[in-house]
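# A structural walkthrough
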Amino acid sequence: MAQVIVIASGKGGTGKTTLTAGLGTALSQRNLRCLCIDADVGVRSLDLTLGMYDTALFDFTDVAEERAALQDAIAVHPRFPQLQLITAPMSRAHIAPDALRRVTDAAIRADVADFILIDAPAGLGEDFRRAAYAADSAIVVSTPDIISLRSADRTVAALEEMGFQDFRLVVNRVRPRVIDRNNTPNIDDAMDMAGLPLLGYVPEEESVLVAGALGQPVLDNRRSLAAAAFRNIAARLDGEEKALLRI
């Protein structure tokens, strides 16, 4: 049965959508079927980051309200056939609280994926709760700064209130030359402040921004340390006993 994971952050700017795209691509390169669902209603940028602009004809509400079949709403990546996308609607109007859960349940019944990654909206409002309700576990994304880590702690508290017991931390946008200087928390501090086991961390790298802007997979860049980080996290998520990538 598919693992359904919500990728969440208590604030914007942590690189949550970039992580969803990179992790989804890395899982597909491991010959695992990965369905990415954009739950960031109104913003809807996961298709751009994946390089799948205008490939989806329907969004998750069309499936939830039975206006479209699940398979008709799933867009397949043009280069990675194991990587799939269901996009978000452009409007927040009239979305049922269990809309996404209906979609993930349908995807599990249809056995279309080994992993389902839900790109949740930033913050802890109604849209976040709708996305989290559809998942069984969570990846909380934070940058190393104290404000983001405090926000990650609030995210964990909100998930615990919803009954979550399985969540892990990814520290994103890590700058190796700065991480231990001044008052910037190091990775151990990040784990302590967020109160989560560490799944991995991703360095801040210009190649990630360029790839996202061009809609190209950063994993194509063999020299990219961020690409190696996405692969490392995918391996650990898949149950491989693999040491954390050192940066």
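Residues numbered from 1 in each chain as written. Predicted model: local features only at pLDDT ≥ 70, side-chain atom pairs only at ≥ 80, totals over all residues. Heavy atoms only, no water.

## A look at the overall build of the chain
Looking only at helices and strands, the chain features ten helices and eight strands. Taking 247 residues into account, the globule formula puts the C-alpha radius of gyration at 18 Å, and the chain, at 17 Å, falls close to it. Seen along its three principal axes, the alpha-carbon backbone of the chain occupies a region of about 55 × 40 × 30 Å. Within the chain, the fraction of its 247 residues that count as buried is 53%. In the chain, once contacts between residues fewer than 6 apart in sequence are set aside, the share between residues at least 24 apart is 76%. (Helix = DSSP H or I, 4+ residues; strand = E, 2+ residues; numbered from the N terminus. Rg over C-alpha atoms; globule rule 2.2 N^0.38 Å. Buried < 20%, exposed > 50% of the residue type's maximum accessible area, 1.4 Å probe, protein only. Contact = heavy atoms within 4.5 Å.)

## Description of the pairing of strand β4 (residues 83-86)
Neither face of β4 is open: one carries Leu83 and Leu85, the other Gln84 and Ile86, and all of them are buried. Here strand β2 (residues 34-38) pairs with β4 via four bridges, running parallel. Bridge pairing in β4 places Cys34 opposite Leu83. In this antiparallel pair of consecutive strands, strand β3 (residues 75-76) and β4, the connection spans six residues. (Pairing = 2+ DSSP bridges.)

## Re helix α1 (residues 16-29)
Taking 1.5 Å per residue, 14 residues should reach 20 Å; α1 reaches 20 Å between its end C-alpha atoms and fits that length. Counted residue by residue, α1 has twelve buried out of 14 residues, so it is predominantly covered. When we look at burial in α1, the residues that qualify are Lys16, Thr17, Leu19, Thr20, Ala21, Gly22, Leu23, Gly24, Thr25, Ala26, Leu27 and Ser28. Backbone geometry just downstream of α1 places Asn31 in the positive-phi region, at approximately 65°. (Expected span 1.5 Å × (residues − 1).)

Function cannot be read off these values alone, since they describe shape.
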